[in-house]
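# Examination of the molecular architecture
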Amino acid sequence: MAAIRVALVDDQSLFRAGIRMLVASQADLEVVGEAGNGHEAVSMAAETRPDVVLMDIRMPVMDGIEATTAILAAAQARGGSVPRIIVLTTFDLDEAATRAIRGGASGFVLKDADPEFLLAAIRTVHAGNAVIAASATRELFEHFTVRPVRPEVPLSFGQLTSRERDIFVLAARGLSNAEIASGEYLSEATVKTHVSRILAKLGLRDRVQLVVFAFEHGLNG
C-alpha cells in the first residue's frame, strides 16, 4: 500500500522539523512538501499533490484559513483527489479554527497534542473521516458563528429522501451513527449507508462539513 503523502505548513522552521521527523518515522507516512506561509503552501500543494496537509492558522503573507480555501479550490478545479486539511492551532475552542473548518478543513489538532494523536489524526482524515467530532463542531459554531438571518435551502437538499432528511438532522446535531441507529431502530451499517449517500448528494466530504452545511442553511433543527 502506498504511503500517505503529507505536507507541512508552518512559519516556524523548528516546529516543521520536529513534525517532519515524527511523520518520517512512520512506515506508512511520507513528507512530500513544506511551506513557511500560506502563499507558498498553495504553490507547494499544487506541485506535490499531498493527501493530507497539516496547516498552521496564523502565518505571514497568507494565513492558514485563506490557504486552506485556495488549496481546496485549486484541487477541485483541476479534478482528481482533493487533499484533507488538518488545522494546527494553539487554542481549543478557537474562532480561527471555526473559520478554517467552514473553509473546508476536516478538523483541527492542538499544537501541544501527543505525537501519537497527530499521527492518528493524519490516518483518520486520509481514511475519509474527520478529526473533530460533529458534536464538537456544532459547539464551535454555536460559540463563534452568527447564523444567517434568512438562510436559503440549497437545491441539492431537495435530492434527499424523507428518511435521509431525518438522519441528516440527527447527524447535524452531532449524534453518532450508534446514537442515530438506537433512536431510529436501525442498524449502524444502515445509518452509515444513509450518511454516505447524504454526503454524496450534498457534495460534502465528511460529517464535519455536514454540520457546517446544516448551520449555514438553518437545517440543523
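Please refer to the structure placed before this passage.
Notes on the structure follow. Please read these numbers as outputs of a predicted model, since none were measured by experiment.

## Re the sheet that holds strand β1 (residues 4-9)
Strands sit in the order β2-β1-β3-β4-β5 across an open sheet of five strands; the sheet is parallel. The sheet terminates laterally at β2 (29-35) and β5 (108-110), the two strands that pair on one side only. Each neighbouring strand pair of the sheet contributes to a mean axis angle of 25°, computed without reference to strand direction.

## Notes on the pattern of salt bridges
Side chains that differ in charge, positive against negative, can pair when their charged atoms come close. This model, assessed by the stated rule, comprises nine salt bridges. As a salt-bridge pair, D10 and K111 come within 2.8 Å of each other at their nearest N and O atoms. Of this pair, D10 sits in the loop between β1 and α1 (13-24) while K111 sits in the loop between β5 and α5 (115-126), and the two are 101 residues apart along the sequence. Look at D10 and you get buried, because its relative accessible area is 2%. Here E164 ties to K201 by a salt bridge, and the two come within 2.8 Å at their closest N and O atoms. Of this pair, E164 sits in helix α7 (residues 162-172) while K201 sits in helix α9 (residues 188-202); the two residues are 37 residues apart in sequence, bridging distant segments of the chain. Residue class for K201 comes out partly exposed when judged on its relative accessible area of 28%. A cluster of three or more residues bridged by salt bridges with shared partners is formed by D10, D56 and K111.

## A few points about the pairing of strand β3 (residues 52-56)
Counting buried positions over the five residues of β3 gives five, a clear majority of the element. Residues V52, L54 and D56 line one face of β3 and the alternating positions V53 and M55 line the opposite face, and both faces are buried. Pairing of β1 with β3, which is carried by four bridges, proceeds in the parallel orientation. Within β3, the position partnered with L8 by the bridge is L54. Here five bridges tie β3 to strand β4 (residues 84-89), and the two strands are oriented parallel to one another. Residue pairing in the sheet places L54 in a bridge with I86 of β4. Considered for its hand, the β-α-β crossover made up of β3, helix α3 (residues 64-78) and β4 is right-handed.

## So, the packing of aromatic side chains
One pass over the structure, following the stated rule, counts two aromatic pairs. For the pair F168 and F213, a centre-to-centre distance of 6.1 Å together with 85° between the ring planes defines the contact as edge-to-face. Placement of the pair is F168 in helix α7 and F213 in helix α10 (residues 207-216), with a sequence separation of 45 residues. Note on accessibility: F168 and F213 belong to one class, buried. Taken together, the aromatic side chains of F157, F168 and F213 make up a single cluster linked through ring pairs. Just above the ring of F15 sits the side chain of K111; from NZ or CZ to the centre is 4.7 Å.

## So, the nonpolar core
With 29 residues, the main nonpolar core has V9, M55, I85, I101 and F108 as its most contacted residues. Those elements giving two or more residues to this core turn out to be β1, α2 (38-48), β3, α3, β4, α4 (95-102), α6 (134-144) and α10. Among the nonpolar cores identified, the runner-up in size contains 19 residues, and A181, V191, V195 and L204 belong to it.

Reading the values: rules and limits
Residues numbered from 1 in each chain as written. Predicted model: local features only at pLDDT ≥ 70, side-chain atom pairs only at ≥ 80, totals over all residues. Heavy atoms only, no water. Pairing = 2+ DSSP bridges. Helix = DSSP H or I, 4+ residues; strand = E, 2+ residues; numbered from the N terminus. Axes fitted to C-alpha atoms, helices over the stretch in contact; angles between N-to-C directions. Salt bridge = Lys/Arg side-chain N within 4 Å of Asp/Glu carboxyl O. Buried < 20%, exposed > 50% of the residue type's maximum accessible area, 1.4 Å probe, protein only. Right-handed = clockwise from strand over helix to strand, strands pointing away. Phe/Tyr/Trp six-rings, centres within 6.5 Å; stacked < 30°, edge-to-face > 60°. Lys NZ or Arg CZ within 6 Å of the ring centre and 35° of its normal. Core = buried A, V, L, I, M, F, W, Y, C linked by side-chain atoms within 4.5 Å.

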